[in-house]
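# Observations on chain architecture
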Amino acid sequence: MKKWLGVVGLLSLSLTLVLSGCNLPWSSDNNKQNVINSSKGNKQTATLIPKIDSKDYQSLKPTGNTSDSTRGYIGYGVNNRVDIDQLETGLMNMSKSVFSPDDYVFQSGQYLSEADINNMLYRKSKKTPNGLNPPLGKGQSVRDQAMNSPKILSYILEQDYLKSTGKNKYELGGVSLAISLNQVYTDKVTDKSGKQYDVQKTLNVSQVKQQGKTIAQKVLQQVRQKNGLGNVPIFITLYAEAPDSSLVPGYFYSKTYVSNNSGSIGKWENVNEDNVLFPSDKSKSKYKSDNELFNNFKTDVSKYFPNFIGVTAKGRYENGDLVDLNFQISIKFYDKTEVMGFASYVTSLVKDRFPFSKNIPVQISIITPNTQEAVIVSNPDMDEPFVHVFEQ
């Protein structure tokens, strides 16, 4: 576990919680909860982890050898780390609209196995009849066949939401699914002789979005056949992945709620979400005023530090409004006191001269070429920002 160094007296109680996280009282065996998945007919023991923020979920972490069978498996289908993070946190945040944190607790997906997901990610064929990607197309080589019939479906992420049925007892109350779709089809295909070929094709986004709704119905039909998922509410979202090399994630574009007694999808609701990198051509053209604010902050940062290298930021928009900002400030490293002084200066900018609204959650990472040196966090419900400087 990394240690923290305080800077300019800005350490808060939140830091104390982070430091004590290795031995928190709720991690004791005395607080294990019996999770009863009555629809599956078995019992599971788990630790109930309390929420840090009232708007977030409590979560259930399986104990012993029981765990999420697909933990880490998302990387098999989704190649971009920023997409993986956005899928997981984005699905959880969107689930709050149907599975309120006041009434439900979160548990990572327990029902869909690697085999279940694989069976849906495969191309449809005689050997893989449940595959939801199209069969290979026409062409003289396997590469041509793949290019002529690109895969649309990239991954299916499951999250479970449980309700209390009594003291220390929980049962499945609903499931959320994120169906992730390619905007750029990237693959490796192998011919009969064992030779491997790289495949990459940019897809028609409007067609992908429409096909995603058709795929979602087929996913629902297969999910309903799983033991334990035949009669629970299911929240389904559609996600358009960013290209593998993108610095910002893709976006959710549609969602729907399927009641516990339904096997078909009714009405879809549009999701207006966007992610943008500052500075970029997109930020300059589509978000001109925010791009100017970013430049103002960048100018203030550069006034202090002679070894300043650069500033970038990732912004997330919902319904046209900026709702989240993550900055990365790159510096040359000389000594720890230099980093501490710079972190203190940037924190003062966030507190007194930050050009963006105080209602936007902000995280700033200060990095050198080899490592992260400090992180500054400012949330709307905090009186002052706090800063952590890593002691390597």
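How each quantity is defined
Residues numbered from 1 in each chain as written. Predicted model: local features only at pLDDT ≥ 70, side-chain atom pairs only at ≥ 80, totals over all residues. Heavy atoms only, no water. Helix = DSSP H or I, 4+ residues; strand = E, 2+ residues; numbered from the N terminus. Expected span 1.5 Å × (residues − 1). Buried < 20%, exposed > 50% of the residue type's maximum accessible area, 1.4 Å probe, protein only. Contact = heavy atoms within 4.5 Å. pLDDT = per-residue confidence, 0-100. Phe/Tyr/Trp six-rings, centres within 6.5 Å; stacked < 30°, edge-to-face > 60°. Lys NZ or Arg CZ within 6 Å of the ring centre and 35° of its normal.

Naming follows an unreviewed UniProt entry, where the protein chain appears as CamS family sex pheromone protein of Terrilactibacillus laevilacticus.

Here helix α6 (residues 205-224) contains 20 residues, and its C-alpha end-to-end distance of 28 Å stays within 8% of the 28 Å for a straight helix at 1.5 Å per residue. Residues of α6 that are buried include every one of Val-208, Gly-212, Ile-215, Ala-216, Gln-217, Val-219, Leu-220, Gln-222, Val-223 and Arg-224, and no others. On its buried side, α6 packs onto α4 (114-121), β6 (153-166), β7 (169-181), β10 (234-240) and β11 (251-258).

A few words now on helix α8 (residues 288-304). In a regular helix each residue adds 1.5 Å, so 17 residues correspond to 24 Å; α8 covers 26 Å between its end C-alpha atoms and thus fits that length. Listing the buried residues of α8 in full gives Asp-290, Asn-291, Phe-294, Phe-297, Asp-300 and Val-301. Against the buried residues of α8 lie β13 (273-278), α7 (281-286), β14 (308-318), β15 (321-331), α9 (336-352) and β16 (362-367).

Let us now look at the confidence of the model for the protein chain. Predicted coordinates in regions of low pLDDT should not be interpreted in detail. Looking at the protein chain, pLDDT values average 85 and 84% of them are 70 or higher. Every residue in residues 1-30 is under pLDDT 50, and counting partners more than four places away or in other chains gives 42 contacts.

One pair of aromatic rings is described through two measures. These are the centre distance and the angle between the planes. Evaluation of the coordinates by the stated rule reveals 15 aromatic pairs. Ring centres of Tyr-57 and Tyr-161 lie 4.9 Å apart, and the angle between their planes is 45 degrees; this geometry places the pair in the tilted category. Of this pair, Tyr-57 sits in the loop between β3 (42-49) and β4 (59-62) while Tyr-161 sits in strand β6, and the two are 104 residues apart along the sequence. Judged by its relative accessible area of 0%, Tyr-161 falls in the buried class. Look at Phe-294 and Phe-327: their rings are 6.2 Å apart centre to centre, the planes differ by 10 degrees, and that puts the pair in the stacked class. Taken together, the positions of Phe-294 in helix α8 and Phe-327 in strand β15 put the pair 33 residues apart, joining distant regions of the chain. Taken together, the aromatic side chains of Phe-278, Phe-294, Phe-297, Phe-327, Phe-354 and Phe-356 make up a single cluster linked through ring pairs. The residue whose ring lies beneath Lys-209 is Tyr-253, and the NZ or CZ to ring-centre distance is 5.3 Å.

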